[in-house]
There are 2 protein chains.
Amino acid sequence: MTDANSKAADEGRLHALVEGWTKAIRARDVDAVMRHYTADTLSFDLAPPLQHRSDAIRNGLAAWFASFTGPVGYEVRDLAIEAGERVAFGHSLNRISGARTDGSHTDVWVRATLCFRKDGGAWKLAHEHVSVPFHMDGSFRAAVDLKP
Amino acid sequence: MTDANSKAADEGRLHALVEGWTKAIRARDVDAVMRHYTADTLSFDLAPPLQHRSDAIRNGLAAWFASFTGPVGYEVRDLAIEAGERVAFGHSLNRISGARTDGSHTDVWVRATLCFRKDGGAWKLAHEHVSVPFHMDGSFRAAVDLKP
């Protein structure tokens, strides 16, 4: 393959990986989500602490999924991926929605950065960063009300 | 060079790039910060809106720098970089501190993800994502009080 063909093929594989990861989140399937990660994935997530790895990611997912009464709504918008031969990154705006066990309804747009490494021929998610900004009016309120 | 030497050389260049970027932030030098970015850098930053590009990044930096009475304290901890031939990413925990014009004193740890592209032989920052998590106690308070 030419370099351009190889790059396009990798970007196709990475789009498929993100689609698989998204489907696993919607289905609240912890094992399926975890299969997309490397053994040492570092996660910067919506909830404290500052960073999570390994079992903390797994336990965080399980607790988060359990807080929804049904499937998690997870829409990925404007996913752009830049792929090298064995390192890649992507970013998107994602909408998370659904009914929660505490009676509330979540509907929030977040920013997602996904960083990938090719290990043994297969792409995996080596690092993820999901966040919302916060209001700079002195309130320090997380900006969970923004739209793209 | 061997692949391993080439990877190590690129990771050295990227560490130097982050150091230059950090020095420019400390010096509140907007032009010097901007020289580290590509023309189309996408920024997910601490302040709304969800995303910033180009002039919005420049204007945001100018306003932010003007809110400090002196140099910006900017410490980068645990910077890990994964470099491919023309795509790379890194992550770190950064401490931002300093006296503000409103009389307050900022001292906050943030998560930073930096994504790089090699353009015309030189590495540039193509995407950055800087955030804090928020408390999941229903308050939606940004977690500006966390320590690594």
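Whatever comes next refers back to the structure up there.
Note on numbering: residues in each chain are counted from 1, in written sequence order. In the order they appear in the text, chains get letters beginning with A and ligands get numbers beginning with 1. The model is predicted, so local features are restricted to residues of pLDDT at least 70 and side-chain atom pairs to those at 80 or more, both for listing and for counting; the totals for chains, interfaces and linings are taken over all residues. As a rule here, side-chain values come from all non-hydrogen atoms in the structure, and water together with hydrogens is ignored.

A. Region of the structure containing the overall build of chain A. Put simply, DSSP marks the helices as runs of H or I at least four residues long and the strands as runs of E at least two long, and each gets a number from the N terminus on. Along its length, chain A carries three helices and six strands. The helix and strand sequence of chain A, counted from the amino end, reads α-α-β-β-α-β-β-β-β. Restricting the calculation to C-alpha atoms gives the radius of gyration, and the globule rule supplies 2.2 Å times the number of residues raised to the power 0.38. The C-alpha radius of gyration of chain A comes to 16 Å, within 12% of the 15 Å expected for a compact globule of 148 residues. With the C-alpha coordinates aligned to their principal axes, the bounding extent of chain A is approximately 50 × 35 × 25 Å.

B. Highlighting the packing of aromatic side chains. Residues and elements named next belong to chain B. To pair, rings of Phe, Tyr and Trp, with the six-membered ring standing in for Trp, must have centres within 6.5 Å; the planes then decide the type, stacked if under 30 degrees apart, edge-to-face if over 60, and tilted in the middle. Across all of its chains, the model carries eight aromatic pairs over all chains by this definition. Summarising the aromatic geometry, the rings of tryptophan 64 and phenylalanine 65 are spaced 5.7 Å apart at their centres and angled 40° between planes, so their arrangement reads as tilted. Classification of phenylalanine 65 as buried rests on a relative accessible area of 3%. Measuring from ring centre to ring centre gives 5.9 Å for phenylalanine 134 and phenylalanine 140, while their planes differ by 35°; the resulting arrangement is tilted. Only protein chains enter the calculation, and the probe is 1.4 Å; a residue is then buried if its accessible area is under 20% of its type maximum, exposed if over 50%, and partly exposed in between.

C. Layout of unusual backbone geometry. Residues and elements named next belong to chain A. Here the amide bond leading from proline 48 into proline 49 is cis, since omega sits at 0°, within 30 degrees of zero. Relative to the elements of secondary structure, proline 49 occurs in the loop between strand 1 (37-44) and strand 2 (52-53). With a phi angle near 55°, aspartate 78 is a residue other than glycine that sits in the positive phi range. Of note, aspartate 78 is situated in strand 3 (residues 73-83). In this structure, phenylalanine 140 takes a positive phi of about 55° despite not being glycine.

D. Structural detail: the interface of chain B and chain A. Each partner contributes to the interface: chain B provides 46 residues, whereas chain A provides 46 residues. Computed with a 1.4 Å rolling probe, the buried area is the accessible surface lost when two parts are put together, summed over both parts. Taking both partners together, chain B and chain A bury about 3,800 Å²; carbon and sulfur atoms supply 70% of that area. A side-chain nitrogen of Lys or Arg and a carboxyl oxygen of Asp or Glu constitute a salt bridge if their distance falls within 4 Å. Taken together, the links from chain B to chain A amount to two salt bridges. In the analysis that follows, any N or O atom pair within 3.5 Å is treated as a polar contact, provided that within protein one partner can donate a hydrogen and the other can accept it, and provided that, for residues neighboring in sequence, both atoms belong to side chains. Counting across the chain B and chain A interface gives 16 residue pairs in polar contact (both at pLDDT 80 or more). Sorting the residues of the side of chain B that touches chain A by element identifies strand 1 (37-44), strand 3 (73-83), strand 4 (87-99), strand 5 (105-119) and strand 6 (122-131) of chain B as the ones contributing at least two each. Contacts were defined at the residue level, with two residues in contact if any of their heavy atoms lie within 4.5 Å.

E. Highlighting the relation of the copies chain B and chain A. Least squares is the method for superposing the copies, and the C-alpha atoms it fits come from residues with pLDDT of at least 70 in both. Superposing chain B onto chain A takes a rotation of 180° combined with a translation of 0.0 Å along the rotation axis, leaving an RMSD of 0.0 Å. The transformation relating the two chain copies, once decomposed into turn and shift, fits a two-fold axis.

F. Expanded view of the environment of Ala122(A). Residues and elements named next belong to chain A. Structurally, alanine 122 is set in strand 6 (residues 122-131). A relative accessible area of 34% places alanine 122 in the partly exposed class. As a C-alpha pair, alanine 122 and valine 132 span ten residues in sequence and 30 Å in three-dimensional space.

G. Representation of the sheet that holds strand 6 of chain A in the model. Residue and element names in this part refer to chain A. Reading across from one edge, 2-1-6-5-4-3 is the order of the six strands in this open sheet, with mixed pairing throughout. Of all strands in the sheet, those with a lone pairing partner are strand 2 and strand 3, marking the two edges. At least two DSSP bridges between two strands are required for those strands to pair. Where strand 1 meets strand 6, four bridges bridge the pair, whose relative direction is parallel. When the sheet's bridge partners are listed, phenylalanine 44 is paired in strand 6 with histidine 129. Across the sheet, helix 1 (residues 3-26) is in contact with strand 1, strand 3, strand 4 (87-99), strand 5 (105-119) and strand 6; its angle to strand 3 comes to roughly 160°. Fitting a line to C-alpha atoms yields each axis, with helices limited to the stretch in contact; the angle taken between N-to-C directions then spans 0 to 180 degrees.

H. Representation of the sheet that holds strand 6 of chain B. All names here are of chain B. Sheet architecture is open: six strands sit in the order 2-1-6-5-4-3, paired in mixed fashion. Edge positions in the sheet fall to strand 2 (52-53) and strand 3, since each of these pairs with one other strand and no more. Pairing of strand 3 with strand 4, which is carried by nine bridges, proceeds in the antiparallel orientation. Opposite arginine 77, over in strand 4, you have leucine 93 as the bridge partner. Most of the contacts of helix 1 (residues 3-26) go to strand 3, to which it runs at about 160°, and overall it touches strand 1, strand 3, strand 4, strand 5 and strand 6.

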